[in-house]
Amino acid sequence: MLRLTRGTRIAFGIVVAIVLLFMYVPLFLVIINSFNIAPIASWPITGFTLDWWVRAFQNEALWTAVTNSAIVAAGAMVIALVLGTLAAFALQRYDFFGKHTVNLLIVLPIALPGVVTGVAFSNSFNNVLEPAGIQVGYFGMIIAHATFCIVMVFNNVFARLRRMNPSMQEASMDLGASLWQTFRLVTFPQFRTAFVAGGLLAFALSFDEIVVTIFTAPAGVETLPLWMFNQMARPNEATQVNVIATVLILLSFIPVYVSQRLTRAEEEER
């Protein structure tokens, strides 16, 4: 076991403290500025008010953007859960020609720059589908988000399937259980936490995506990231962005908490 000297431990502690400050001080400033009486973000704070919170929650355009983001993220998550899980089962359970190529093609979208994905889908929608009379509209944005969300589900489920013991499914079938019963009672519980974690990651990734959304959003449709981006160009409205950012910071604790609870429950079962 590696033992560090007292000086080394102190040095590492200082580095960790600096990194944590670098990560969390900007978030703290966002939260504080959401209560800033000034119409623009500033420091030091001269006064506090809840006026920006009231204005934000009364902003109809904001709620429309939140609804759009939730719908798109939910749609992308559902597609990712289905296709990502099926792809993980196919690549883990079967050997076939081109298996490694398929694996690469599934993972590739998450490695591509968002601007490349956005331009590709924009060209496909505007130059190929629309001239053919196919209007993708809102659904096109969901499809574009689902392409990189699939990777989140695929990676989580595939990693879990590789650690599962196939003999349990075989024993279930030998005892007379149907394919659906075996999946529901034996297989799914074993990768359920990875399935849920992948879904949460997919939802979060889609919810805050902006680059691909810029290229694929139909005219007049704003998601929450687009709304925040546009508001930042209006200095007198930018404080409302701090309000929404504060809410998102608080909400981000939910998937982390759920993920930790699921992981802890799985470890207890073992």
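Residues numbered from 1 in each chain as written. Predicted model: local features only at pLDDT ≥ 70, side-chain atom pairs only at ≥ 80, totals over all residues. Heavy atoms only, no water.

Asks: What should I look at first to understand the overall build of the protein chain in this one?
Replies: Looking only at helices and strands, one finds 12 helices and 0 strands in the protein chain. Ordering the α and β elements of the protein chain from the N terminus gives α-α-α-α-α-α-α-α-α-α-α-α. For the protein chain, the spread of C-alpha atoms along the three principal axes comes to 70 × 70 × 30 Å. Taking all 270 residues of the protein chain together, the buried fraction comes to 34%. In the protein chain, 69% of the contacts between residues at least 6 apart in sequence involve partners at least 24 apart. Accessible surface for the protein chain amounts to roughly 16500 Å². Of this, 69% is attributable to carbon and sulfur atoms. Looking at charge distribution, the protein chain has the averaged site of its 15 positive side-chain charges lying 13 Å from that of its 14 negative ones. (Helix = DSSP H or I, 4+ residues; strand = E, 2+ residues; numbered from the N terminus. Buried < 20%, exposed > 50% of the residue type's maximum accessible area, 1.4 Å probe, protein only. Contact = heavy atoms within 4.5 Å. Areas by Shrake-Rupley, 256 points an atom, 1.4 Å probe, with all protein chains shown as cover. Lys, Arg positive; Asp, Glu negative; His and termini not counted. Charge placed at Lys NZ, Arg CZ, Asp CG, Glu CD.)

Asks: Explanation requested: the pattern of salt bridges in the structure shown.
Replies: A side chain of one charge can pair with a side chain of the opposite charge if their charged atoms are brought near each other. By the definition in use, this model includes 2 salt bridges. Between Arg55 and Asp51 there is a salt bridge whose closest N-O contact spans 2.9 Å. Of the two residues, Arg55 and Asp51 both sit in helix 2 (residues 51-57), 4 residues apart, roughly one turn of that helix. With a relative accessible area of 41%, Arg55 lands in the partly exposed category. Taking the shortest distance from any N to any O, the salt bridge between Lys99 and Asp95 comes out at 3.1 Å. (Salt bridge = Lys/Arg side-chain N within 4 Å of Asp/Glu carboxyl O.)

Asks: Honestly, the confidence of the model for the protein chain in this entry has me stumped. Any pointers?
Replies: Caution applies to low-pLDDT parts of the model: their predicted coordinates are not meant to be read in detail. Across the protein chain, the average pLDDT comes to 83, with 93% of residues at or above 70. Highest mean pLDDT in the protein chain belongs to helix 3 (residues 60-93) (90); lowest belongs to helix 12 (residues 253-269) (67). (pLDDT = per-residue confidence, 0-100.)

Asks: Sorry, what's going on with a nonpolar patch on the surface here?
Replies: Taken together, Leu105, Leu108, Leu112, Val115, Val116, Val119, Val211, Ile214 and Phe215 make up a surface patch of nonpolar side chains, about 690 Å² in accessible area. Topologically, Val211 is positioned in helix 9 (residues 211-216). (Patch = residues over 30% accessible without salt bridge, like charges linked within 9 Å, V, L, I, M, F, W, Y side chains within 5 Å.)

Asks: Explain the side chain of Ser122 here, please?
Replies: Note on placement: Ser122 falls in helix 5 (residues 114-129). Aside from chain neighbours lying at most four places away, what touches Ser122 is Asn127 and Phe215.

Asks: Looking at this model, I keep getting lost on the environment of Glu170. Mind explaining?
Replies: By secondary structure assignment, the location of Glu170 is in helix 7 (residues 167-174). As a C-alpha pair, Glu170 and Val72 span 98 residues in sequence and 39 Å in three-dimensional space.

Asks: Can you help me understand the layout of surface pockets in this one?
Replies: A probe as big as a water molecule, rolled over the atoms, marks out the empty space that is left. The calculated volume of the largest pocket comes to roughly 640 Å³. Looking at the largest pocket, it is lined by 22 residues, and the ones nearest its centre are Phe203, Phe207, Leu248, Leu251 and Ser252. Contributions of two or more residues to the lining of the largest pocket are made by helix 3, helix 8 (179-207), helix 10 (224-231), helix 11 (238-251) and helix 12. At 5 residues, the largest contribution of residues to the lining of the largest pocket is made by helix 8. Its residues assigned to classes, the lining of the largest pocket comprises 20 nonpolar, 1 polar and 1 charged. (1 Å grid on protein atoms, 1.4 Å probe; cavity = no way out; pocket = protein on both sides within 12 Å on 5 of 7 lines; lining within 4 Å. Points joined across faces, edges and corners; volume = space filled by probe spheres on them. Nonpolar A, V, L, I, M, F, W, Y, C, P; charged D, E, K, R; others polar.)

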